[in-house]
Amino acid sequence: MANDVANDIVEEHSLSSLLLAWFTLEKRDLPWRRTGDPYAIWVSEVMLQQTQVKTVIPYYEQFLQRFPSVVQLATASLEDVLTVWSGLGYYSRARRMWEGARYMCDQRGGKMPQDYDSLLLVPGIGKYTAGAIASIAFGQRVAAIDGNVLRVVSRLLAWPEPVETVRSHRHFGELLGKWQPAVQPGDFNQALMELGAMICTPKNPDCGGCPLAFVCEGYLQDDVFLYPVKKPKSQRQVVTRLTFVLRRGDQVYLQKRPSHGLLADLWEFPGVELSQGNDLKESILNISGDNGFGFFQKTVSERMFDELVREQFERGITLHGPVWYTFSHRRWKIIWAIFDFPDLDNPRNLPELLERPESKPEGVSAPRESVGEYRLDSRKDHQLEDHCWVTLQDLTGLPLPVAFTAIVDDLKTSEE
Ligand code: SF4
């Protein structure tokens, strides 16, 4: 049935002409549509995955200003790239672009590959991005299937199967190959995406204003909202995340996350995932007394303040939050405890801490620094590989995930 519809669309109407005529008149003027530079198109396509256009525009401009070419991206440090990306979310995108740029420098003389198959060899460039770059920048007749395109095509065909399956992708790819014109193949891809973004929206499609309405089987059957058919969603896992905020004077303590997994290579307020589930009471019971201090020792690299933290856990800690942060497959319910330490930049505070008795309760490490080394210099600390102390103002210079924005706001408010 859907195949017949597809053939009818091709044979009886020129879908691409209708679509391109509409696109010429109605397309939004976006910065990446004013360039044929494959590198700039790559940047825009990666940023637009999972992020709205209006959010992307300033990041796109700033990114290209800072890294205007493959070579400049490849020779920057990952830290710099993540910092410029900071706030855009899904940081693995930035890391993969950086890896891709390094590959292009190593293997291709710092140039973007000029066809679909060669683009697919670049780390981090998948079928969609390769299709978008190849068709838009190099005029290659190849599909670029994103979520918008899946929705539009599934409605055009009244496609009865889940759109995420390999079979659906393959089928849509074959059809788009037939529909896509030899001239302006990139505009055709962009027009389908634009139609999905502006007209054939998920919840409120404007079928009355759609150039494809009279060939759209979903619309003609008055069943638009049945499509796209989706696989049943698996529930996102909810995890309570206890976060340790260490503060001394106007500085806070950050640690760098590992180079793999969630939020790889970003800086964070260290913390521990307590439980899978939504029961905050159970989580709080879990972090009283020795348990809580145990979590701190396992999670935080800085050993200088162990004694003070332990005492604070014994007296009882105040928890802040929760705030929620959603990843693609899990949700963090973030709660945090603030530990205030003496401002050791202030010499009056130094002796008290250093004169603490050497003997420690079992299981508690002594401070790592000797008296001679115990000089606080935030610039020196910045050089540490995996942790540092920074002022709240300097946080903007580090790639800190948006997940922690509420904590930073809370700290700033308490400073005022
Ligand atoms: S007619 Fe409606 S459902 Fe069909 S493609 Fe256009 S906007 Fe989407």
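See the structure above.
What you see is a predicted model, and the numbers here were worked out from it, not measured in a lab. (Residues numbered from 1 in each chain as written. Predicted model: local features only at pLDDT ≥ 70, side-chain atom pairs only at ≥ 80, totals over all residues. Heavy atoms only, no water.)

*Asks:* Whenever I open this one, empty space enclosed by the protein confuses me. Can you help?
*Replies:* Empty pockets left among the atoms are what a rolling probe the size of a water molecule brings to light. Under the definition given, this model contains one cavity of 30 Å³ or more. Here the largest cavity defines a volume of roughly 100 Å³. Residue lining of the largest cavity: 13 residues in total, with R155, C200, C207, C210 and C216 positioned closest to the centre. It is helix α10 (residues 147-157) that contributes the most residues to the lining of the largest cavity, three residues altogether. Considering only residue class, the lining of the largest cavity consists of 12 nonpolar, no polar and one charged. (1 Å grid on protein atoms, 1.4 Å probe; cavity = no way out; pocket = protein on both sides within 12 Å on 5 of 7 lines; lining within 4 Å. Points joined across faces, edges and corners; volume = space filled by probe spheres on them. Helix = DSSP H or I, 4+ residues; strand = E, 2+ residues; numbered from the N terminus. Nonpolar A, V, L, I, M, F, W, Y, C, P; charged D, E, K, R; others polar.)

*Asks:* Looking at this structure, how should I read the site of the ligand?
*Replies:* Contacts to the ligand come from R155, I199, C200, C207, C210, A213, C216, Y219 and V224. Spatially, the ligand is embedded in the largest cavity. A breakdown of the residues in the shell around the ligand according to their chemical character gives eight nonpolar, no polar and one charged. (Near = heavy atom within 4 Å. Sits in = over half its atoms within 2 Å of the grid points.)

*Asks:* What is the right way to read the side chain of D146 from this model?
*Replies:* Following the sequence through the fold, D146 ends up in the loop between α9 (127-138) and α10. Salt bridges are absent for the buried D146, whose nearest opposite-charge side chain, R151, sits at 7.5 Å. In this structure the side chain of D146 is engaged in a polar contact, spanning 3.2 Å, whose partner is the backbone nitrogen of N148. A distance of 2.9 Å separates the side chain of D146 from the backbone nitrogen of V149, its partner in a polar contact. (Buried < 20%, exposed > 50% of the residue type's maximum accessible area, 1.4 Å probe, protein only. Lys, Arg positive; Asp, Glu negative; His and termini not counted. Salt bridge = Lys/Arg side-chain N within 4 Å of Asp/Glu carboxyl O. Polar contact = N/O pair within 3.5 Å; in protein donor to acceptor, adjacent residues only side chain to side chain.)

*Asks:* Would you mind showing me how to read the environment of I133 here?
*Replies:* Structurally, I133 can be placed in helix α9. Once residues lying within four places of it in the same chain are set aside, the contact partners of I133 are P38, I41, W42, M112, L119, I125 and F138. (Contact = heavy atoms within 4.5 Å.)

*Asks:* What is the right way to read unusual backbone geometry from this model?
*Replies:* Leaving glycine out, the prevailing phi sign among residues is negative, and the prevailing peptide bond configuration is trans. A cis amide bond, omega 0 degrees, links Y227 with the succeeding residue P228. Between G321 and the following residue, P322, the backbone shows a cis peptide bond with an omega angle of 0 degrees. Locating P322 in the fold gives a position in strand β5 (residues 319-326). In the Ramachandran plot, Q184 falls in the positive-phi region, its phi being about 55 degrees despite a non-glycine side chain. Secondary-structure assignment places Q184 in the loop between α11 (166-179) and α12 (185-198). Classification of Q184 as partly exposed rests on a relative accessible area of 40%. Its identity as a non-glycine residue notwithstanding, D222 has a phi of 55 degrees, on the positive side. When its relative accessible area of 67% is taken as the criterion, D222 is described as exposed.

*Asks:* I'm lost on helix α16 (residues 306-315) in this one. Help?
*Replies:* Burial of α16 is extensive: seven of the 10 residues sit out of reach of the surface. Among all positions of α16, only D306, E307, L308, V309, R310, Q312 and F313 are buried. G316, located one to two residues past α16, shows a positive phi value of around 110 degrees.

*Asks:* Help me understand the pattern of salt bridges in this model?
*Replies:* Close approach of charged atoms allows side chains with opposite charge to pair. Tallied over the full model, the rule gives 14 salt bridges. R66 is paired through a salt bridge with D80; the nearest N and O atoms lie 3.1 Å apart. Here R66 is found in helix α4 (residues 53-66), whereas its partner D80 is found in helix α6 (residues 78-85), with 14 residues between them in sequence. Look at D80 and you get partly exposed, because its relative accessible area is 31%. Between R257 and E268 there is a salt bridge; the shortest N-O distance is 2.8 Å. Of this pair, R257 sits in the loop between β2 (251-256) and β3 (267-268) while E268 sits in strand β3, and the two are 11 residues apart along the sequence. Both residues of the pair, R257 and E268, count as buried. Residues joined in a network through salt bridges with shared partners are R28, R33 and E194.

*Asks:* I would appreciate a short explanation of the layout of surface pockets in the present structure.
*Replies:* For the second largest pocket, the calculated volume is near 530 Å³. Around the second largest pocket, the lining is made up of 27 residues, and of these Y90, Y91, S92, R93 and R96 lie nearest the centre. Counting residues per element, the ones that place at least two in the lining of the second largest pocket are α3 (38-48), α7 (92-108) and β5. With five residues, the single largest contributor to the lining of the second largest pocket is α7. For the lining of the second largest pocket, the class distribution of residues is 11 nonpolar, 12 polar and four charged. Mapping the lining of the second largest pocket onto the domain boundaries places at least three of its residues in each of domain 1 (2-226) and domain 2 (237-415). (Domains from an automatic or database assignment.)

Shape is all these values report; function is a separate question.
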